[in-house]
Structure formats: C-alpha cells, structure tokens
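# Residue-level structure breakdown
Here is how the chains run, residue by residue.
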Amino acid sequence: KAGVTQTPRYLIKTRGQQVTLSCSPISGHRSVSWYQQTPGQGLQFLFEYFSETQRNKGNFPGRFSGRQFSNSRSEMNVSTLELGDSALYLCASSLGTREYQETQYFGPGTRLLVL
Amino acid sequence: QQQVKQSPQSLIVQKGGISIINCAYENTAFDYFPWYQQFPGKGPALLIAIRPDVSEKKEGRFTISFNKSAKQFSLHIMDSQPGDSATYFCAASKGGTSGTYKYIFGTGTRLKVLA
C-alpha cells in the first residue's frame, strides 16, 4: 500500500499570504489528522477529519482551517500567514473506527517558511 | 492536564549502550501510549506502543516500561546502534468514542549514537 503523501513538500510564502496544503491518506483510511511541528513546541494537534467532518480540534486560531473530501483526501489552509507559522506540517491517517486505539501513519510533511 | 512531558531533550550514547527516554503524563484518562521515531526529512513512524494494563512491552531491542501509579512511561533502547540516531517522541491518547480522541505528543528527544 502506498503511504501517506503530502504536497507540496516545501513552500515559501510571505506574511499576510495564505497557503493550502494537501494530504492523501493511505487507501482505506478515513481519518486524517494534521499536526504542526516546530523545534520548540514539538508536534501540536491542529484538527482531525473523518468522513468529511471535523471531528476534533486543537487550540489553534481560526486562521487554520481544513476540509476533507469524499475520497478522504484532506486540505489544510492557513490564512494571513505570520512568521510564527513557519513549521513542518504533518498529516497522519488512520482507519478512524475509534473502537480502540489506532495507529496513526504520518506523511513526510510540508515544510512552510514564512518570510 | 493534557501535557506529556518528555526528557531528556537530547541524548548521546555510545554504540552498544542503553538509551533511556522518559515521559510523564497528567490525564489519567489516557489509555494508549505510543512511541514514534523520526528521521530527518521524514514523518514520525510508530516504533512501539503500550496500553496501561501491562507494565512492560518488548519488541526486539526496544522496550516500553509503564508505571501507571506514577503516570510515567519510558523507552529503553538496548544495544543502541548508530542507525538508531533519530528524534523520538512519546505520545498519549484516549481511544473510544468519548470525543477526546487525539494524540498529545511530548516535545521529543534527539538521540545520537556514537560509532
């Protein structure tokens, strides 16, 4: 099975711009979670989507949003970029059944640099 | 209550030595504790995980020790190898349908194994 893919791998934007990141989960996985990884804060949970609905949300401002499509692919959008948004954005997919603890499989990430 | 505290921040071990990374959590509702390994340029990959009904789990050279009363768990890497040099993250989550299903990650430990 192909793993989780994320595009693009690298992005450079300037303050005030907006950006859209894409994630394709492992085939058959219906849950997609997004994380922000920075050297000082580690991995911080942004949100989780399941069956096109946001099922869980972390403590990030409304500038961070996402959506999921019927094929489980997900996009994350950040509007009005700030310097502090520079980070590695990771997407993780899982089955999403929530019957028990599930393994999350991570993609390689999109590295965003805001100038 | 949602924090997972990880230590040390960095660790240098000689080849063949034992690497030990510790994590502590606060929320007693957590019921799944995975460890992830991340190499530069890659997303985190599941290494080993444990549930609180067991005190130890071993997979090859990797062992998780879990102390439920102290709310602590640790990763032991026996016979550490240069190829183990990576960043290690502990995490905690709660499965089921309670609505709190998300991973809380520690801040990571950068391990370097000297040849």
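Each value, and the rule that gives it
- Residues numbered from 1 in each chain as written.
- Chains lettered and ligands numbered in written order.
- Predicted model: local features only at pLDDT ≥ 70, side-chain atom pairs only at ≥ 80, totals over all residues.
- Heavy atoms only, no water.
- Disulfide = S-S within 2.5 Å.
- Helix = DSSP H or I, 4+ residues; strand = E, 2+ residues; numbered from the N terminus.
- Buried < 20%, exposed > 50% of the residue type's maximum accessible area, 1.4 Å probe, protein only.
- Core = buried A, V, L, I, M, F, W, Y, C linked by side-chain atoms within 4.5 Å.
- Contact = heavy atoms within 4.5 Å.
- Pairing = 2+ DSSP bridges.
- Phe/Tyr/Trp six-rings, centres within 6.5 Å; stacked < 30°, edge-to-face > 60°.
- 1 Å grid on protein atoms, 1.4 Å probe; cavity = no way out; pocket = protein on both sides within 12 Å on 5 of 7 lines; lining within 4 Å.
- Points joined across faces, edges and corners; volume = space filled by probe spheres on them.
- Polar contact = N/O pair within 3.5 Å; in protein donor to acceptor, adjacent residues only side chain to side chain.
- Axes fitted to C-alpha atoms, helices over the stretch in contact; angles between N-to-C directions.

This next bit is on the state of the cysteines. By definition, a disulfide links the sulfur atoms of two cysteine residues through a covalent bond. Residue and element names in this part refer to chain B. Under the criterion given, the structure shown has two disulfides over all chains. Shown here is the disulfide that connects Cys23 with Cys90, its sulfur atoms set 1.9 Å apart. The sign of the S-S torsion, about -95°, decides the handedness of the disulfide formed by Cys23 and Cys90: left-handed. Taken together, the residues span a long stretch of sequence, with Cys23 in strand E3 (residues 19–25) and Cys90 in strand E9 (residues 86–92) at a distance of 67 residues. Summarising the burial analysis for this pair, Cys23 and Cys90 share the class buried.

Turning to the nonpolar core, a few remarks are in order. Among the nonpolar cores identified, the biggest contains 25 residues, and Phe33, Trp35, Phe73, Leu75 and Tyr88 of chain B are the most heavily contacted of them. Of all the secondary structure elements, the ones that give two or more residues to this core are strand E2 (10–14), E3, strand E4 (33–38), strand E5 (45–50), strand E7 (62–67), strand E8 (72–77), E9 and strand E11 (109–114) of chain B. The element that contributes the greatest number of residues to this core is E9 of chain B, accounting for four residues. With residues near it in sequence (within four places) discarded, Phe73 of chain B still touches Ile21, Asn22, Cys23, Tyr25, Phe33, Trp35, Ser65, Phe66, Cys90 and Ala91 of chain B. Core analysis: the next-biggest nonpolar cluster, separate from the first, contains 21 residues, Leu21, Phe47, Val78 and Leu81 of chain A among them.

The subject of this paragraph is the pairing of strand E7 (residues 64–68) of chain A. On any regular strand, side chains alternate: one points to one face of the sheet, the next to the other face. Residues and elements named next belong to chain A. With five bridges joining them, E7 and strand E8 (residues 74–78) adopt antiparallel strand pairing. When the sheet's bridge partners are listed, Gly66 is paired in E8 with Met76. Linkage of E7 to E8, two consecutive antiparallel strands, is achieved through a turn of five residues, within which Ser72 is found at a positive phi near 75°.

Right, let's get into the packing of aromatic side chains. This model, assessed by the stated rule, comprises 20 aromatic pairs over all chains. For the pair Phe106 of chain A and Tyr36 of chain B, a centre-to-centre distance of 5.3 Å together with 85° between the ring planes defines the contact as edge-to-face. Of the two residues, Phe106 of chain A sits in strand E10 (residues 105–106) while Tyr36 of chain B sits in strand E4, which places them in two different chains. The exposure classification of Phe106 of chain A matches that of Tyr36 of chain B, with both residues buried. Ring pairing ties together the aromatic residues Tyr35, Phe45 and Phe106 of chain A together with Tyr32, Tyr36, Phe89, Tyr103 and Phe105 of chain B, which thus form one cluster.

A volume near 740 Å³ is recorded for the largest pocket. Taken together, 31 residues form the lining of the largest pocket, with Gln37 and Pro39 of chain A together with Gln38, Thr87 and Arg110 of chain B sitting closest to its centre. Here the element with the most residues in the lining of the largest pocket is E11 of chain B; it accounts for four residues.

Residue and element names in this part refer to chain A. Relative to the helices and strands, Gln6 is located in strand E1 (residues 5–7). From its side chain, Gln6 meets the backbone nitrogen of Cys91 in a polar contact 3.1 Å long. Of the polar contacts made by the side chain of Gln6, one reaches the backbone nitrogen of Gly109; its length is 2.9 Å.

Take the sheet that holds E7 of chain A next. Residues and elements named next belong to chain A. If you trace the four strands from one edge of the open sheet to the other, you get E1-E3-E8-E7, paired in antiparallel fashion. Single-partner strands in this sheet number two, and they are E1 and E7. Between one strand axis and the next, the sheet turns by 20° as a mean value, whatever way the strands run. The pairing of strand E3 (residues 19–24) with E8 spans five bridges and is classified as antiparallel. What sits directly across from Cys23, in E8, is Ser74.

What is shown is where atoms sit, not what they do.
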